[in-house]
Amino acid sequence: QVQLVESGGGLVQAGVSLRLSCAASGRTFSDYGMGWFRQAPGKDREFVAAISWSGGNTAYGDSVKGRFTISRDNAKNTVSLQMNSLKSEDTAVYYCAASRSPLASTRSSSYDYWGQGTQVTVSS
């Protein structure tokens, strides 16, 4: 079992940066591939970013590529999402997820554990 707790969300203006963090506890964090997903009101959950167990492989959704960066610190059991040049369309609840697969999966069905989410609101 893995417990995930996100933090760092908030209300910001368009164009600024925000950093989300996810703290993991339970099993060996470095065994898991990690991902970030988001869901806006009335929309399906969307893949944002993923990182493999070692951090050596990453993947990004098309809408955030070049603006967001995912990273992990296996010594601290954390995964982060650095979000730059935020846009109003980035407004959503952001979820951290852990997969028993060590790869950087883009599919939500690959993830076994989910956090409770953190709200990010970008005003234009």
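Residues numbered from 1 in each chain as written. Predicted model: local features only at pLDDT ≥ 70, side-chain atom pairs only at ≥ 80, totals over all residues. Heavy atoms only, no water.

Peer 1: Teacher, can you tell me more about the environment of Gly26 here?
Peer 2: Within the secondary structure, Gly26 sits in strand β3 (residues 18-26). Note on Gly26: relative accessible area 59%, which makes it exposed. Among all residues touching Gly26, those that are not within four sequence positions of it are Gln1 and Gln3. (Helix = DSSP H or I, 4+ residues; strand = E, 2+ residues; numbered from the N terminus. Buried < 20%, exposed > 50% of the residue type's maximum accessible area, 1.4 Å probe, protein only. Contact = heavy atoms within 4.5 Å.)

Peer 1: In this structure, what is going on with the pairing of strand β8 (residues 78-83)? I would like to understand it.
Peer 2: Regular strands place their side chains on alternate faces of the sheet. When β3 meets β8, the two strands line up antiparallel, connected through 6 bridges. The residue of β8 that forms the bridge with Leu18 is Met83. Taken together, the 6 bridges between strand β7 (residues 68-73) and β8 define a ladder with antiparallel strand orientation. Across the sheet, residue Ile70 finds its bridge partner in β8, namely Leu81. (Pairing = 2+ DSSP bridges.)

Peer 1: Sorry, what's going on with the environment of Glu46 here?
Peer 2: On the secondary structure map, Glu46 appears in strand β5 (residues 46-51). Not counting residues up to four positions away in its chain, the partners in contact with Glu46 are Phe37, Arg38 and Ser63. Here Ser63 takes part through its side chain, which lies 3.0 Å from a polar atom of the side chain of Glu46. (Polar contact = N/O pair within 3.5 Å; in protein donor to acceptor, adjacent residues only side chain to side chain.)

Peer 1: Got a minute to help me understand the side chain of Ser105 in this structure?
Peer 2: For Ser105, the location among the structural elements is in the loop between β9 (92-99) and β10 (113-114). A polar contact of 2.9 Å, which involves the side chain of Ser105, links it to the side chain of Ser110. Discounting residues that sit within four places of it in the chain, Ser105 has contacts with Phe47, Ala50, Ser110 and Tyr111.

Peer 1: Looking at this model, I keep getting lost on the pairing of strand β4 (residues 33-39). Mind explaining?
Peer 2: Most of β4 is tucked away: 6 of the 7 residues are buried. Here 7 bridges tie β4 to β9, and the two strands are oriented antiparallel to one another. When the sheet's bridge partners are listed, Arg38 is paired in β9 with Tyr94. Pairing between β4 and β5: 5 bridges, direction antiparallel. If you follow Gly35 over to β5, its bridge partner there is Ala50. Linkage of β4 to β5, two consecutive antiparallel strands, is achieved through a turn of 6 residues, within which Gly42 is found at a positive phi near 75°.

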